[in-house]
Each structure stands twice: as structure tokens, then as C-alpha cells.
Amino acid sequence: MARALIIGCGAVATVAIKKCCTCSEVFSEICIASRHRENCEKLAQELRPNTKTVITTAAVDADKAENVSALIREYKPDLVMNIALPYQDLAIMDACLECGVNYMDTANYEPENIDDPEWRKVYDKRCKEKGFSAYFDYSWQWAYKEKFEKAGLTALLGSGFDPGVSQAYCAYALKHQFDTIEEIDILDCNGGDHGYKFATNFNPEINLREVSAPGSYWDTDENGKGHWVEIPAMSIKREYNFAQVGKKDMYLLHHEEIESLAQNIPGIKRIRFFMTFGQSYLDHMRCLEDVGMLSTQPIKFQGQDIVPIQFLKALLPDPASLGPRTVGKTNIGCIFKGKKDGKDKTYYLYNVCDHQECYKELGSQAIAYTTGVPAMCGAMMVLTGKWNKPGVHTVEEFDPDPFMEALTKYGLPWNEDFNPVLVD
Ligand code: NDP
């Protein structure tokens, strides 16, 4: 029996909220809040007749911690589930600290305005020191570790699929299959087809920023020292034959969980992240980038300030609307190389999710589904005390077993392959 304040009511949050409502014994009360309360109320009205969960709604602009604090004081939740955008992470964490509430999210912090000189200073220093130039990294949220520890509060970061389940797979492999893991390849394949020439599967701004950035991976030199290797965007390409999907081209990207896994998997030598893209997606993206449509810097247009990428977002199909027209499957998982009982071992843990099955069940496509279900399961772990550890933690720092059990129960079972084809 717990109360959760859920901030965000977009594609991912909708799935998480619907799943919370199937588990009223844990989520006895939820408050759905976003800037536009009418969206939250619409969803609440759809769900109320069929759930025991008591649903209220609120308007909140979570860009400001004081707004979130005021709502927390009024609603008194046991947990704040941040399923809005990464831009709000720090403000919501501040509010949780101020009000003494546990926190969780699905993506690590990045600033909305990458031209903010204060942020730039820290960013430029990090690029030089760490060697990767993505706009997002864990340093901002890890800086809250001591504050959450002292307050006796848990902050669970990145409880989506990747980040999220990908790290639970790593923790599971380490706990049950390996003595040491030396290499991890995280493979994210979307074999779905929505019939549009170009659309993003989740928030276009966050998605396009991520995939247009240089790629990077974690590697280890001959002296055993780990370091980042950065490469031009989309410059490492491989083909892989995914179970239940078939052959797809995939590209090496920077991805946030590499950063935490490099710290938390002892003895790890290399971690890479690959995502599949079709040629049409890449051609459109390159063209949009070349003409400046991915820029986050406002321009003056007919007397108005317009942020190109936000304008583009308004033109593109809403990711939440892709559900009815997307067919095919996703296959996301991790291939491990390491040692067990002194012998070399390889192992592949993955989930396959069918877009149309997700749509039939919850009215969403598989990308929102595969993120929303782990968000709900991670929240459940915190609320039921299974993942209570004061401080700021990523998924691989917790016991994977109850989480993976919950994932199976709520729609994301996993498959194993003890002789996987490796990525060269
Ligand atoms: P959407 O754009 O569909 O939804 C975003 C939601 O956030 C909207 O309901 C919006 O509400 C709300 N929001 C935005 N700004 C504010 C604000 N200032 N205050 C309050 N609410 C706000 O995004 P998605 O559902 O696609 O993505 C949600 C999150 O999930 C993102 O952080 C994304 O990075 C992450 N994600 C993680 C993945 C993973 O595997 N870990 C995979 C995919 C996504 P309103 O319209 O009222 O402003």
C-alpha cells in the first residue's frame, strides 16, 4: 500500500501508469502530474472505472524544484516517479531531498539549454577529463549521492529498458552465470515498421540528440587502464541476425549505462552499445542535421523565438500515436564474454517484444512498453523495500532477481542463449 507521484504523462509514463493500475496492492494511490493537467485527467478518466488504484491528477511545471516541492507537500507520496524529460531530473531530485521522499527516473540528466555558460564550463571540463562528449552524463546526479545517503533516501536512476533492464541483465549475469565479465555488448534492435518515412519512437528531441551525437565505448589499454574511445557519429556499423527479427544494421552509440557499468562491473574491459537504424532514418536525420533542424539554439523567425528541434517535434508524428500502425518486434539485450570456473564463457540475455501485442494490451508501441514496464517494476522495488539503499544508485547496484521476476510477470520475460554469435 503506497502512494506514488508520477511526473509525466507521455508515451512512456502512460504505459507505467497503466501497469501501476494493474497492481493496486502496491500502487494503492497515484497522482499523475504534468504541465498540461488535461492530458493527465484524460488518462485518469480512462483508467478509473477498471482499477482499485485511487488516481488524482495535478498540474506541475517540474522545471522548478519549488513547484514540485509544493506538490509533494500536498500529496505526501512515498516515491516520486520522474517519467518526464531528463531536463527535470535535478529539480525533481532537489524537491525530493527537501521533502524527504524517494526518487526514481528513466534517463540521466541533460540540460535543455546546452549554451548555458555555467553548464558549458562543467561540460567542457568533463569532455577533456573523461573523453566523451555526449550532453548527458551521470556526474550531475552522482553529485547528490551524499545528500541522499544522509537523508536516508533512495534515488534509483535509469529504470527503463536501456538504461535499466540492460543493467539488471548485467547484474544477473554476474550473479548467476560468471565469476568475471570482461566484455559486454548491449544490442538494441527495433525491427518495427510504422510506415512513416521518418518518425522517432520516443521524445524526438531526446532521441535525435542521442543518435546524432558522436559514438563512444569503454575500453581498456594493455596496462589494464579503462578509458573512453570516442568515434564520429554512426561510424562503426555491424550487421547482426536478431532472434525473431532477422538481420539488421546496427551502429555504435554512446549510451548512459556504459558509464555506470564501467564503474560497477569489477574487471570489465570493454562495453559497447549498438542500436539498429534503417537507411531511411539515417538519411533523414543527416539531412535535418545539415540544415540545422536539430539545433536547440533559438532563432528569430518572423519576430518569434523558435527552437528548431522543438519546431521539428511539432511536425513529426507523436510517438504515442505510432502504436496502432507499428508492426514487428524489438529485441534488446546484452551479450557477455567472461570466465566461469576458470573457463571462457559467452552468454546472451535478451527480451523480444511485439509492437502489436503491446498495442493490443495497452494501446502503446513496444518502445514505450519496454520502457514503461521497467519504470513501474523499478518503482515497485523501491516501494516494497526490495531496493532500498540510501544514496543515488543505478539498476546494476541492486539485486536483479526480484526485478527480473517482476519484469516477467508484467510483460517483459527474458530469453537466454549460451552460444551466441558475437559482434566483432
Ligand atoms: P514524451 O515527450 O512522450 O512525454 C514527456 C512527458 O513529460 C509529457 O507528459 C510532458 O507533459 C512531461 N513534461 C515535460 N516537461 C515537463 C515539465 N517541465 N514539467 C512537468 N512535466 C513535463 O516522452 P517519453 O514518454 O517518450 O519519454 C519519457 C522519458 O523516458 C524521457 O526522459 C526519455 O528520455 C525516457 N526514455 C527512457 C528509455 C529507457 O530505455 N531508459 C527509452 C525511452 C525513453 P506536458 O505535455 O504536460 O508538458
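Residues numbered from 1 in each chain as written. Predicted model: local features only at pLDDT ≥ 70, side-chain atom pairs only at ≥ 80, totals over all residues. Heavy atoms only, no water.

- As annotated in an unreviewed UniProt entry, the chain carries the name Saccharopine dehydrogenase and comes from Fibrobacter succinogenes.

### With respect to the overall build of the chain
Thought 1: Across its full length, the chain holds 15 helices and 18 strands.
Thought 2: The C-alpha atoms of the chain give a radius of gyration of 21 Å, which matches the 22 Å a tight globule of 424 residues would have.
Thought 3: Each of the three principal axes of the chain carries a C-alpha extent, and together these read 55 × 55 × 45 Å.
Thought 4: Contacts in the chain between residues far apart in sequence, at least 24 positions, make up 73% of those at least 6 positions apart.
Thought 5: Carbon and sulfur atoms make up 49% of the accessible area of the chain, which totals about 17700 Å². (Helix = DSSP H or I, 4+ residues; strand = E, 2+ residues; numbered from the N terminus. Rg over C-alpha atoms; globule rule 2.2 N^0.38 Å. Contact = heavy atoms within 4.5 Å. Areas by Shrake-Rupley, 256 points an atom, 1.4 Å probe, with all protein chains shown as cover.)

### A word on the environment of Glu 256
Thought 1: Looking at the secondary structure, you find Glu 256 in helix α10 (residues 256-264).
Thought 2: Taking relative accessible area as the criterion, Glu 256 reaches 8% and is therefore assigned buried.
Thought 3: Taking the C-alpha atoms as reference, Glu 256 lies 8.8 Å from Gly 158; in sequence the two are 98 residues apart.
Thought 4: Other than its neighbours up to four places away in sequence, Glu 256 contacts Ala 107, Asn 108, Phe 136, Tyr 138 and Pro 163. (Buried < 20%, exposed > 50% of the residue type's maximum accessible area, 1.4 Å probe, protein only.)

### Focus: the site of the ligand
Thought 1: Taken together, 28 residues sit near the ligand, with Cys 9, Ser 34, Arg 35, His 36 and Asn 203 positioned nearest.
Thought 2: Between the ligand and Ser 34 there is a distance of 2.6 Å, counted from an oxygen atom to a side-chain nitrogen or oxygen.
Thought 3: At 3.0 Å, a side-chain N or O of Asp 61 approaches a nitrogen atom of the ligand.
Thought 4: Protein contact buries 92% of the 940 Å² of open area that the ligand shows by itself.
Thought 5: Its residues assigned to classes, the shell around the ligand shows 14 nonpolar, 10 polar and four charged. (Near = heavy atom within 4 Å. Polar contact = N/O pair within 3.5 Å; in protein donor to acceptor, adjacent residues only side chain to side chain. Nonpolar A, V, L, I, M, F, W, Y, C, P; charged D, E, K, R; others polar.)

### A short note on the domain arrangement of the chain
Thought 1: One can read the domain layout of the chain as domain 1 (2-157) and domain 2 (165-364 + 413-417).
Thought 2: Between the C-alpha centres of domain 1 and domain 2 there is a distance of 22 Å.
Thought 3: At the interface, 25 residues of domain 1 touch 24 residues of domain 2.
Thought 4: For the pairing of domain 1 and domain 2, the buried interface totals around 2200 Å² over both sides, and the portion due to carbon and sulfur atoms is 53%.
Thought 5: Per-residue buried area on domain 1 facing domain 2 is highest for Phe 132, Phe 136 and Tyr 138; these three make up 24% of the total on that side.
Thought 6: At the junction of domain 1 and domain 2, the tally comes to two salt bridges. (Domains from an automatic or database assignment. Buried area = accessible area lost by both parts, 1.4 Å probe. Salt bridge = Lys/Arg side-chain N within 4 Å of Asp/Glu carboxyl O.)

### Focus: the UniProt feature "domain: Saccharopine dehydrogenase-like C-terminal" (unreviewed entry) in the chain
Thought 1: The UniProt record annotates "domain: Saccharopine dehydrogenase-like C-terminal" (unreviewed entry) at residues 160-412.
Thought 2: Helix makes up 34% of residues 160-412 and strand 30%, whereas the separation of the span's terminal C-alpha atoms amounts to 12 Å. (UniProt positions renumbered as here; feature names shortened; annotations may be inferred.)

### Quick word on the side chain of Thr 154
Thought 1: Looking at the element boundaries, Thr 154 is found in strand β6 (residues 154-157).
Thought 2: Residue Thr 154 is classed as buried on the basis of its relative accessible area of 1%.
Thought 3: In this structure the side chain of Thr 154 is engaged in a polar contact, spanning 3.0 Å, whose partner is the backbone nitrogen of Lys 389.
Thought 4: Ignoring anything within four residues of it in the chain, the contact list for Thr 154 reads Asn 102, Tyr 103, Phe 148, Trp 387, Asn 388, Lys 389, Pro 390, Gly 391 and Phe 398.

### Comments concerning the packing of helix α1 (residues 11-20) against helix α14 (residues 366-383)
Thought 1: Interaxial distance between α1 and α14 falls to 7 Å at its minimum, and their mutual angle equals 50°. Between α1 and α14, the angle is such that the two are oblique. Crossing hand, α1 versus α14: right-handed. For the pair formed by α1 and α14, the contact residues are Ala 11, Val 12, Val 15, Ala 16, Lys 19 and Cys 20 on the first element and Ala 368, Tyr 369, Thr 371, Gly 372, Val 373, Ala 375 and Met 376 on the second.
Thought 2: Class assignment of the residues belonging to the contact of α1 with α14 gives a composition of 10 nonpolar, two polar and one charged. (Axes fitted to C-alpha atoms, helices over the stretch in contact; angles between N-to-C directions. Parallel < 35°, antiparallel > 145°, perpendicular 65-115°, else oblique. Left-handed = near helix turned anticlockwise from the far one by under 90°.)

### Concerning unusual backbone geometry
Thought 1: The linkage connecting Asp 162 with the following residue, Pro 163, adopts the cis geometry, with an omega of 15°.
Thought 2: If you trace the backbone, Pro 163 turns up in the loop between β6 and α8 (165-176).
Thought 3: One non-glycine residue, Met 234, adopts positive backbone phi at about 60°.
Thought 4: A relative accessible area of 12% places Met 234 in the buried class.
Thought 5: Positive phi, normally seen in glycine, also occurs at Gln 302, with a value near 45°.
Thought 6: On the accessibility criterion, Gln 302 (72% relative accessible area) is exposed.

### A word on the packing of aromatic side chains
Thought 1: Inspection of every chain in the model, using the stated rule, returns 22 aromatic pairs.
Thought 2: Here Phe 178 and Phe 336 contribute two aromatic rings whose centre-to-centre distance is 6.1 Å and whose plane-to-plane angle is 55°, an arrangement assigned as tilted. Residue Phe 178 is located in the loop between α8 and β7 (180-190), and its partner Phe 336 is located in strand β15 (residues 329-340); the two are separated by 158 residues in the primary sequence.
Thought 3: Accessibility expressed as a relative area gives 0% for Phe 336, which makes it buried.
Thought 4: Aromatic pair Tyr 347 and Phe 418: ring centres 5.1 Å apart, planes at 45°, arrangement tilted. You can see Tyr 347 sitting in strand β16 (residues 343-354) and its partner Phe 418 sitting in the segment after β18 (415-417), a full 71 residues away along the chain.
Thought 5: With a relative accessible area of 0%, Tyr 347 lands in the buried category.
Thought 6: Among the aromatic side chains, those forming a connected cluster through ring pairs are Phe 178, Phe 336, Tyr 347 and Phe 418.
Thought 7: Note that Lys 147 overlies the ring of Tyr 144, its terminal NZ or CZ placed 5.0 Å from the centroid. (Phe/Tyr/Trp six-rings, centres within 6.5 Å; stacked < 30°, edge-to-face > 60°. Lys NZ or Arg CZ within 6 Å of the ring centre and 35° of its normal.)

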